[in-house]
Amino acid sequence: MTSRALTGVFRSLRLYHGAGAPKAEMDALYRLFVAPDALVFDIGAHVGDRVSSFRRLGARVVAFEPQPLLHRALRLIHGHDPNVVVRADAVAPERGPVAMRINTANPTVSTLSDAFIGNAKGQHGWTEQTWDEALVVHAITLDDAIGRFGQPAFVKIDVEGFEAAVLQGLSDAIPVVSFEFTTIARPVALACMERLADLGDYEFNVALGETQTLTFSSWLTGEDMARHLMELPQAANSGDVYARRLSPTGSRSSRSS
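Residues numbered from 1 in each chain as written. Predicted model: local features only at pLDDT ≥ 70, side-chain atom pairs only at ≥ 80, totals over all residues. Heavy atoms only, no water.

What to know about the overall build of the chain
Helix and strand counts for the chain come out as 9 helices and 10 strands. Along the first, second and third principal axes, the C-alpha set of the chain runs to 55 × 45 × 40 Å. Classification of the 257 residues of the chain by burial places 54% in the buried group. Contacts spanning at least 24 positions in sequence make up 67% of the contacts within the chain whose residues lie at least 6 apart. (Helix = DSSP H or I, 4+ residues; strand = E, 2+ residues; numbered from the N terminus. Buried < 20%, exposed > 50% of the residue type's maximum accessible area, 1.4 Å probe, protein only. Contact = heavy atoms within 4.5 Å.)

What follows is the structure, encoded as C-alpha cells:
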C-alpha cells in the first residue's frame, strides 16, 4: 500500500462523500427509478456515494468493487448495513480472473479495458492520468449475480470503458439500467445500447457529468440517443445514459420523468 494510493482514496472520499457532494440532487434523480425495498446492483461502486443514495431511498443494494482499497472503504462505510452486500468481484462477460489497471492517484478511472486507456492517451483532460499498477481480480457475470441475489429493478454500471462488456454477461432485460459514457470512448455507449436492444425495447435519457439531472423531458429512441451522444462536444467528457424498458404494450413514454 503506497502513500499515493491512500491519497487517491482519500481524495475520492472527500469528493464523493464530502460537504460539496450533490446528495440531494442525486437522490432526486434516483428516486425516479428506485422504489423503497427495490433491489439495486451498483457495478463499479467506487467509494459508495451511489450506494448511500440508494439506501437513503430505502433500496437494498449489492455493490461490486474489486479495487482492494476501495472495497475496504466500502466495507467500512456500508459493511454493517444488513441491506447492503459488498462484493470484491468485478463483473465481466465471463466468470474467472481478469486483469485490472489501477490509477492509484485517481482510482475512479481504474479499468478492466486496455482500449479505454488507449483512447485516453493524449486526449484533453486525460494527459495527466496514469495507470501505474495492475492486479488480477475475480469476475462474475451479471447473470451470475442475478442467480445469487435476485432480479434487480435497477443496475448502475460505471466501469471506465468496460460497460458494454458487462452487459454481454446479461441474458434477460432489466427494468432500468444506467451506464457511464465518455466522449473518448463513444462506441462503448453505442454498444451498450445495441446490447440492451437485443434484450428488450428501451427508451433513453442522459445526465451529463455530475449534474444529476436528465437532459431531456421526453425520453429518446436508441437512434436519437446515439445521434445525441455522437454530436456532443469532446469537452462534455462524460455522463450517464439511462435506459428504461418500455411497457409490454410497447407504448413510448412522452411524459417527463
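Section: the pairing of strand β2 (residues 60-64)
Taken across its 5 residues, β2 has 4 buried, putting it largely inside the fold. As defined by bridge partners, strand β1 (residues 39-43) adjoins β2 across 5 bridges and the pair is classed as parallel. Across the sheet, residue F41 finds its bridge partner in β2, namely V62. What joins β1 to β2 is helix α3 (residues 49-56), and the crossover it makes is right-handed. (Pairing = 2+ DSSP bridges. Right-handed = clockwise from strand over helix to strand, strands pointing away.)

Topic: the sheet that holds strand β9 (residues 202-208)
With mixed pairing, the 7 strands of this open sheet are ordered in space as β3-β2-β1-β7-β8-β10-β9. The outermost strands of the open sheet, each flanked by one partner alone, are β3 (84-87) and β9. Ignoring strand direction, the axes of neighbouring strands in this sheet form an average angle of 15°. Relative to β3, β2 is paired through 4 bridges, and the arrangement is parallel. (Axes fitted to C-alpha atoms, helices over the stretch in contact; angles between N-to-C directions.)

Observations concerning the confidence of the model for the chain
For the chain, per-residue confidence averages 93 on the pLDDT scale, and 95% of positions sit at 70 or higher. Taken together, the stretch residues 253-257 has pLDDT below 50 and engages in 15 contacts with residues farther than four places along the chain or on a different chain. (pLDDT = per-residue confidence, 0-100.)

Side note on helix α4 (residues 68-78)
Every α-helix carries 3.6 residues per turn, so stepping three or four residues along brings you back to the same face. Along α4, the residues classified as buried are L70, H71, A73, L74 and H78. Seen from one end, α4 has its buried residues packed into an arc of 160°, which puts them on one side. (Arc of directions from axis to C-beta.)

Brief notes about the packing of helix α2 (residues 23-30) against α3
Two elements in contact, α2 and α3, have axes separated by 9 Å at closest approach and are oriented at 60°. Judged by the sense of rotation from one axis to the other, the crossing of α2 with α3 is right-handed. Note on element contacts: α3 touches α2 through D49, R50, S53, F54 and R56, opposite K23, M26, D27 and Y30. Among the residues making up the contact of α2 with α3, the classes are represented as 3 nonpolar, 1 polar and 5 charged. (Left-handed = near helix turned anticlockwise from the far one by under 90°. Nonpolar A, V, L, I, M, F, W, Y, C, P; charged D, E, K, R; others polar.)

Quick look at the environment of D37
Within the fold, D37 resides in the loop between α2 and β1. Remark: the alpha-carbon pair of D37 and V9, spanning 28 residues in sequence, is separated by 30 Å. The contact partners of D37, leaving out residues within four places of it in the chain, are G58, A59 and R60.

Observations regarding helix α6 (residues 142-149)
Residues of α6 that are buried: L142, D144, A145 and I146. Where α6 is buried, its residues meet β1, β2, β4 (90-91), β6 (133-140) and α7 (163-167). Directly beyond the C-terminal end of α6, a positive phi value near 105° is found at G150.

Observations concerning the nonpolar core
Formed by 56 residues in total, the largest nonpolar core has its most connected members in F41, I43, I157 and L229. Ranked by residue count, the leading element in this core is helix α8 (residues 186-199), at 6 residues. Sequence-distant contacts of F41, that is, excluding residues within four places in its chain, are made with V62, F64, L142, A145, I146, F149, G150, P152, F154, V155 and K156. Among the nonpolar cores identified, the runner-up in size contains 22 residues, and V34, A45, A63 and W219 belong to it. (Core = buried A, V, L, I, M, F, W, Y, C linked by side-chain atoms within 4.5 Å.)

Let's talk about the packing of α8 against helix α9 (residues 222-231)
It is at 10 Å that the axes of α8 and α9 come closest, and there the two elements cross at 175°. Between α8 and α9, the angle falls in the class roughly antiparallel. For the pair α8 and α9, contact is made by R186, A189, L190 and M193 and by G222, M225, A226, L229, M230 and E231, respectively. Counted by class, the contact of α8 with α9 contains 7 nonpolar, 1 polar and 2 charged residues. (Parallel < 35°, antiparallel > 145°, perpendicular 65-115°, else oblique.)

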